[in-house]
Amino acid sequence: KEKCVYKLPADLKYAAGTLEFVLNTEGSSGVPSYRNLITEFFMQENTPLPEGLTIDGKTGEIAGKPVKEMEETAFTVRGKNPRGETFVRVMIVVRKGYCQPEGVFEKTPVDEVAVHKCSQQGSYVGTQKRACVLGKKDGEWQKASGVCVSVVVIVVLVIVVVVIVAVVVLLAMKTHKKKAVGGVKGKKVNHQREAVKVWCVCSERVY
């Protein structure tokens, strides 16, 4: 009867030398590659995984939701079969989430609000704000508030408003003047009528 003969496992490695996880989000290292059959994966006793992360004993995938930030730290993953063992040293870092730079907004950590002063763009006034919140994998930008307005546009609008106000005032003055002139003419006509009446009276007395 034929028997299965195991070969010594070798060349165990992950796709990236440094495995990056985001605080309080689900992450994965992916499945490692190796030569020859590995029947079990495990962490070396003196380098246990950070809280929230676990290693799959069958596939070697490191996954989970880390609950504490951690600077880049070395860990040792081992793989074995009845013939022997192999291992790989990996670096793991757990960082706080952040939003990638986008438009006028710079890289911003989760739970913070990015503020952009429009004057940084040149002849503009105003302020824009945008909050960064934790998404499924990393930070996600929220809708921005505020607008940037060109100083040139503001000057043009002010000039237009001044011109409109001036035109309205001139039209109002002309209308008022016409009414005033009409009133004076009316009074002159009344005086003439009074003069005619007096003349008529005087004429009757003469005859």
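Above: the structure in question.
Just so it is clear, the model here is predicted, and its values are computed rather than measured. (Residues numbered from 1 in each chain as written. Predicted model: local features only at pLDDT ≥ 70, side-chain atom pairs only at ≥ 80, totals over all residues. Heavy atoms only, no water.)

Section: the overall build of the protein
In terms of regular secondary structure, the protein is built from one helix and 16 strands. Split into buried and exposed, the 207 residues of the protein put 28% on the buried side. Once local pairs closer than 6 in sequence are excluded, the contacts in the protein between residues at least 24 apart make up 55%. Put simply, the protein shows about 14,900 Å² of open surface, and 58% of that area lies on carbon and sulfur atoms. (Helix = DSSP H or I, 4+ residues; strand = E, 2+ residues; numbered from the N terminus. Buried < 20%, exposed > 50% of the residue type's maximum accessible area, 1.4 Å probe, protein only. Contact = heavy atoms within 4.5 Å. Areas by Shrake-Rupley, 256 points an atom, 1.4 Å probe, with all protein chains shown as cover.)

Re the side chain of H116
Take H116: it is sitting in strand 12 (residues 112-117). Here Q120 takes part through its side chain, which lies 3.5 Å from a polar atom of the side chain of H116. Those residues in contact with H116 that lie beyond four places of it in its chain are V104, F105, Q121, G126, T127, Q128 and C148. (Polar contact = N/O pair within 3.5 Å; in protein donor to acceptor, adjacent residues only side chain to side chain.)

As for the nonpolar core
By size, the foremost hydrophobic cluster in this structure holds 19 residues, and its most contacted members are Y14, I55, I62, V77, V90 and I92. Listing elements by their share of this core, those giving two or more residues are strand 2 (18-22), strand 5 (40-43), strand 6 (53-55), strand 8 (70-81) and strand 9 (84-95). Here this core gets four residues from one element, more than from any other, and that element is strand 9. If near-sequence neighbours (up to four positions away) are discounted, I92 is found in contact with L19, F21, L49, L53, I62, M70, E71, E72, T73 and F75. In this structure, C99, F105, V110 and W141 belong to the second largest nonpolar core, which totals six residues. (Core = buried A, V, L, I, M, F, W, Y, C linked by side-chain atoms within 4.5 Å.)

A word on the sheet that holds strand 3 (residues 27-28)
The strand order across the open sheet formed by three strands is 3-7-6, and the pairing between neighbours is antiparallel. Looking at the sheet topology across the chains shown, the edges are occupied by strand 3 and strand 6. As paired elements, strand 6 and strand 7 (residues 62-64) share three bridges and run antiparallel to each other. The partner of I55 across the bridge, within strand 7, is I62. (Pairing = 2+ DSSP bridges.)

Topic: the packing of aromatic side chains
Enumeration according to the criterion identifies two aromatic pairs in this entry. Ring centres of F105 and W141 lie 5.7 Å apart, and the angle between their planes is 45 degrees; on these two criteria the pair is classed as tilted. With F105 in the loop between strand 10 (98-99) and strand 11 (108-109) and W141 in strand 15 (residues 139-141), the pair connects residues that are 36 residues apart, well separated along the chain. Just above the ring of Y98 sits the side chain of K107; from NZ or CZ to the centre is 4.0 Å. (Phe/Tyr/Trp six-rings, centres within 6.5 Å; stacked < 30°, edge-to-face > 60°. Lys NZ or Arg CZ within 6 Å of the ring centre and 35° of its normal.)

Here we look at the environment of T175
The topology assignment puts T175 in helix 1 (residues 151-206). Within polar-contact distance, the side chain of T175 engages the backbone oxygen of L171 at 2.9 Å.

Quick word on the sheet that holds strand 2
Across the sheet, four strands lie side by side as 2-9-8-5; this open sheet has mixed pairing. The strands lining the two open edges of the sheet, one partner per strand, are strand 2 and strand 5. Pairs of neighbouring strands in the sheet enclose a mean axial angle of 30 degrees, with direction left out of account. As judged from the ten bridges shared by strand 8 and strand 9, these two strands associate in the antiparallel manner. (Axes fitted to C-alpha atoms, helices over the stretch in contact; angles between N-to-C directions.)

Let's talk about the pairing of strand 14 (residues 127-134)
Along any regular strand, the residues point their side chains to alternate faces of the sheet. Alignment of strand 12 against strand 14, held across six bridges, turns out to be antiparallel. The residue bridging V115 from the neighbouring strand is K129, located in strand 14. For strand 14 and strand 15, the ladder comprises three bridges, and the chain directions are antiparallel. In the strand pairing of strand 15, V133 is matched with E140. As consecutive antiparallel partners, strand 14 and strand 15 are separated by four residues.

Regarding unusual backbone geometry
The phi dihedral of N24 is positive, around 65 degrees, even though this residue is not glycine. Within the secondary structure, N24 is located in the loop between strand 2 and strand 3.

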